[in-house]
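# Coordinate analysis (summary)
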Amino acid sequence: MPVTFPQAANAESSALALDIRGVSKAYGRFPALKDVSLQAHDKEFLALLGPSGSGKTTLLRVLAGLETPDAGEVRFGGEDFLSLPVRRRRVGMVFQHYALFRHMTVAQNIAFGLTVRPRAERPAREAVKARVAELLSLVQLEGLEKRFPAQLSGGQRQRVALARALAIEPRMLLLDEPFGALDAQVRRELRRWLRELHDRAGVTTVFVTHDQEEALDLADRVAILKDGELIQLGKPKDVYEAPADPFVYDFLGAACRMPGRVEGGRLTVADWESAAPKGAPEGSVEVFFRPDEVAFAPPDGAGLGAVVRAIAQRGPDVRIECVIDGQTVELEAHGPALPPGVAPGLALRIRPLRPRVYAS
């Protein structure tokens, strides 16, 4: 009898599944994780996002049982996860470089986690065959079960790796930069497919990536790590719209950054003064704004005084290089026509539409 996948639940309304509390891990004198605490709900898609060396893969390896933390605890479904042997955790893991067995067919690779179980726990041969067929359909690889990994494309190999991880009916799916070895076009094609696969499979998924767009596009919530510490955790829209600090703002997308000052509720940046954003700290500040979130005005208008140095147009998108208060800033506009008064050598005013202000 084939196994059916449960319906995915709303991550906000479902019960707490994964509970990580105060996890720390050091390699010699290098602290890879520093007192990290976060939670994931049942059937939630959680992304661990950060630059290289931020600790995201170390945390994933702790969950998989490949690393033992120096301090802290991990619970899953209320159970002490760290005390369980790896095979009893029922965790499926997918690596960046697939880790498929080259001498096995697609079907044999998918079935591997079932066929190596102790005899008393091993499903019958027909049940394994039915499970493989079901997963081949799920990952859209029907008819390829007799091929070997070398006969598949990179995207197809990654689908086989995902099917193999799901074969054991995991309680949690761990993905360590699964698209890192694929080219940009294949990554985009697989991105939405992976989200649909997660929803159909109905498992709690923890996804490691350094790609901001992938994390914001795929996840229910995003945990942003830096130097082994959790900096911010929230829904993709919330972390993008309200970054906790300059690092998060800069890491999540292209950013323009200028010094400023807030006094009496007024923000001054170079020769431009405006009402300070709500909650802005007083005194010296750093002002951030997105390069495509600006309004252009003539020299006698409101905004930062600027001189256009160069323009580069690619289809409907235009990059505008300006000098503002002696600083080179690259802005973006969406065409097809250039904003009025924007041309190399011309002076104009630039007004940030949604500036974010942080204490300097």
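Okay, so let's go over this structure. (Residues numbered from 1 in each chain as written. Predicted model: local features only at pLDDT ≥ 70, side-chain atom pairs only at ≥ 80, totals over all residues. Heavy atoms only, no water.)

## Structural notes on the side chain of T58
Selection rule: Runs of E in the DSSP output that reach at least two residues are strands. Runs of H or I that reach at least four are helices, and both are numbered from the N terminus. A contact between two residues is defined here by any heavy atoms of the two lying within 4.5 Å.
You can see T58 is positioned in helix α1 (residues 56–64). Once you skip the residues sitting within four places of it in the chain, T58 turns out to touch K25, Y27, A32 and L33.

## A closer look at the environment of A223
Spelled out, the test is: Each residue's exposure class comes from its accessible area (1.4 Å probe, protein chains only) as a fraction of the maximum for that residue type: buried when under 20%, exposed when over 50%, partly exposed otherwise.
Inspection of the secondary structure assignment puts A223 in strand β9 (residues 221–226). Owing to a relative accessible area of 0%, A223 belongs among the buried residues under this scheme. Taking the C-alpha atoms as reference points, A223 and L48, 175 residues apart in sequence, are found 5.0 Å from one another. What A223 contacts, discounting residues up to four positions off in sequence, is L38, L46, A47, L48, L49, L230, Q232 and L233.

## Some details on the layout of surface pockets
Rules: A pocket, in this scheme, is an open set of points on a 1 Å grid over the protein atoms alone with protein on both sides within 12 Å along at least 5 of 7 lines, while a cavity is a set where a 1.4 Å probe fits but cannot get out; residues line either one if an atom lies within 4 Å of a point. Grid points are joined across faces, edges and corners, and a volume is the space filled by probe spheres set on the points.
Its boundaries defined by the atoms lining it, the largest pocket holds a volume of some 730 Å³. Around the largest pocket, the lining is made up of 20 residues, and of these V86, V91, G92, G113 and I168 lie nearest the centre. Of all elements in the fold, only α2 (86–89), β6 (91–94), α3 (106–115) and α5 (154–167) reach the threshold of two or more residues within the lining of the largest pocket. Per element, the largest residue contribution to the lining of the largest pocket is three residues, and it comes from β6.

It is worth stressing that arrangement in space is one thing and function is another; only the former is reported here.
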